[in-house]
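What follows is the residue order along each chain.
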Amino acid sequence: RGKEDQLVAHPGWRLNFCYLLLLFCEPFFSRTANQKLALISIDYVISEECRLDLSNESCLARGVIGPRPLSSSSDSQSNANFITEIFYFTLRALNLLLISPMNQTMQVVSDLSKAAQNLPPESPERDSLQELSGLTFITWDLTLLNEQFALMVSQFYITAAIWLNMSVAANQKEALSHVPEFLIKDSCQWLRFLVTSSPNLFRLLEMAPVIDLFVLLLQRQDLMPGPVSQSKVVSFLLSLIQTQQGPLPINSWSSVQGELATILHSNPTVRDRLGPALLTAYSAVDVVEGLDVDKDSFDKFSARQDITNLITHLWSRQDCRDSVLRQCSSPVFPTFLNSILDTLLYMLNDSIHRLRNARLIQSSMEEDSWSRLTPREQRAKQDFLNSEERVTRGFLSISQSALSLLRILSESADVS
């Protein structure tokens, strides 16, 4: 192999290394707060003993973690112990060796699927692309979705959620500025991956600590670092009550989707605090400021549509609706309504502009000058037309969701 090949870790080695670290973590995996989790030092990443360089990573409570001190006094208490170090090593290893490659692979599969859809149904190229996608799913079944491995990854993130809940309960807001943001992003992306790929595993997991943490972060804007993390949290929560055909019917309990929805519906935190948290998050989800590795994949209005769909679902349940109604007399509610109107005006104005562009291209295709264009020029215009039509459909879907929620709220006699 060449030197470049030697610098790349084999996928099998990456998963085996993550699995080894998870085995070290298994003794302190927990369903509740305990003394072992209290041993994990929240200040470890900024201590002199830290073996990881996370100084440029964004953190909870906003900002970046920052550099470690050059030295410490000899009588200061050490932040390093085995549980702390193995926890942070595993957290970083999962981020670099599992979640990042998983996201890249999912993007490749998505690109293959889109490319296959643009090819004729019987073409050999389309069959080859579909075979590559199928091979990827088989690989996932044998590796990422191995039951023991998937459960251990999930239990690690559940344990991390319990630890963070303990820290928030202890009013350690300043200390949370030393917790890397990718802990929240990675846990959301992994759990959402399981929802779509292996939902039966959730029967073996206690998800209440994770749900409690996510609702808390949506509610506490001083702890949530930015809109990207907020959107990932909302996407995961929505996936629990979402099917391929749309939101899960309220009385559907017999399927796996119904069991996933129960994770959300049976949680007291969801009933009492998720609705108000979503009203706040809708306005807070805005432009990404600063550096963020997921900045390019973030879309403000798609995130708002997810929040709209989740609020609409909560409104359909009386036990969750009351928490939203209690916000009608607070400043949060008019701010939320103004943000919905802002979304509607932008979506409709942009859609009209794009429809005008599409109509101009369609008209030019009917003229004699179209035949004088080179095939490459025709293809470029056709691609632009398809893009404008696709984006317009998406914008109109977002507008429809927002209008539907406004109609539901305006028709309610309880909303003043």
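Remember, predicted model here, so these are calculated numbers, not experimental data.

Draft legend 1. Seen up close, the pattern of salt bridges. Considering all chains together, one arrives at 10 salt bridges under this definition. A salt bridge links Arg354 to Glu388, with the nearest nitrogen and oxygen atoms 2.7 Å apart. Here Arg354, found in helix α15 (residues 332-365), pairs with Glu388, found in helix α16 (residues 375-411); they are 34 residues apart in sequence, far enough to count as distant. Taking relative accessible area as the criterion, Glu388 reaches 5% and is therefore assigned buried. Residues Asp383 and Arg379 are paired through a salt bridge, measuring 3.4 Å at the closest nitrogen-oxygen approach. Pair noted here: Asp383 and Arg379 are both in helix α16, with a separation of 4 residues, about one helical turn. Residues joined in a network through salt bridges with shared partners are Asp350, Arg354 and Glu388.

Draft legend 2. Representation of a negative patch on the surface. There is a patch of like negative charges on the surface, built from Glu122, Glu125, Asp127 and Glu131. Tracing the backbone through its elements, the reader meets Glu131 in helix α5 (residues 124-142).

Draft legend 3. The environment of Ile307, seen in detail. Looking at where Ile307 falls in the secondary structure, it is placed in helix α13 (residues 300-315). For Ile307, a relative accessible area of 1% corresponds to the buried category. Expressed as a C-alpha distance, the spacing of Ile307 and Gln230, which sit 77 residues apart in the sequence, is 9.8 Å. Setting aside chain neighbours within four positions, we find Ile307 in contact with Val234, Leu278, Ala281, Tyr282 and Val285.

Draft legend 4. Structural detail: the nonpolar core. The biggest cluster of nonpolar side chains holds 110 residues, and the ones touching the most others in it are Leu98, Trp190 and Leu218. In terms of residue count, helix α6 (residues 147-169) provides more of this core than any other element does, 14 residues in total. Residues contacting Leu218, with those up to four places away along its chain left out, are Met224, Gln230, Val233, Val234, Leu237, Leu274, Ala277, Leu278 and Ala281.

Draft legend 5. Summary view of the environment of Val285. Mapped onto the secondary structure, Val285 falls in the loop between α12 (268-284) and α13. Among the residues examined, Val285 registers a relative accessible area of 1% and is labelled buried. Sequence-wise, Val285 and Ile307 are 22 residues apart; in three dimensions their C-alpha atoms are separated by 9.6 Å. For Val285, the contacting residues outside a window of four places in its chain are Pro227, Gln230, Phe298, Lys300, Ala303, Arg304 and Ile307.

Draft legend 6. Spatial organisation of the packing of α12 against helix α14 (residues 318-325). Direction vectors running N to C along α12 and α14 enclose 50 degrees, while the axes themselves pass 7 Å from each other. On the basis of their axis angle, the class for α12 and α14 is oblique. For the pair α12 and α14, the sense of crossing is right-handed. Here Arg271, Asp272, Gly275, Pro276 and Leu279 of α12 come into contact with α14, specifically with Asp319, Cys320, Ser323 and Val324. Residues belonging to the contact of α12 with α14 are distributed by class as follows: 4 nonpolar, 2 polar and 3 charged.

What counts, and at which threshold
- Residues numbered from 1 in each chain as written.
- Predicted model: local features only at pLDDT ≥ 70, side-chain atom pairs only at ≥ 80, totals over all residues.
- Heavy atoms only, no water.
- Salt bridge = Lys/Arg side-chain N within 4 Å of Asp/Glu carboxyl O.
- Helix = DSSP H or I, 4+ residues; strand = E, 2+ residues; numbered from the N terminus.
- Buried < 20%, exposed > 50% of the residue type's maximum accessible area, 1.4 Å probe, protein only.
- Patch = residues over 30% accessible without salt bridge, like charges linked within 9 Å, V, L, I, M, F, W, Y side chains within 5 Å.
- Areas by Shrake-Rupley, 256 points an atom, 1.4 Å probe, with all protein chains shown as cover.
- Lys, Arg positive; Asp, Glu negative; His and termini not counted.
- Charge placed at Lys NZ, Arg CZ, Asp CG, Glu CD.
- Contact = heavy atoms within 4.5 Å.
- Core = buried A, V, L, I, M, F, W, Y, C linked by side-chain atoms within 4.5 Å.
- Axes fitted to C-alpha atoms, helices over the stretch in contact; angles between N-to-C directions.
- Parallel < 35°, antiparallel > 145°, perpendicular 65-115°, else oblique.
- Left-handed = near helix turned anticlockwise from the far one by under 90°.
- Nonpolar A, V, L, I, M, F, W, Y, C, P; charged D, E, K, R; others polar.

Functional significance is not addressed by these values, which are geometric in nature.
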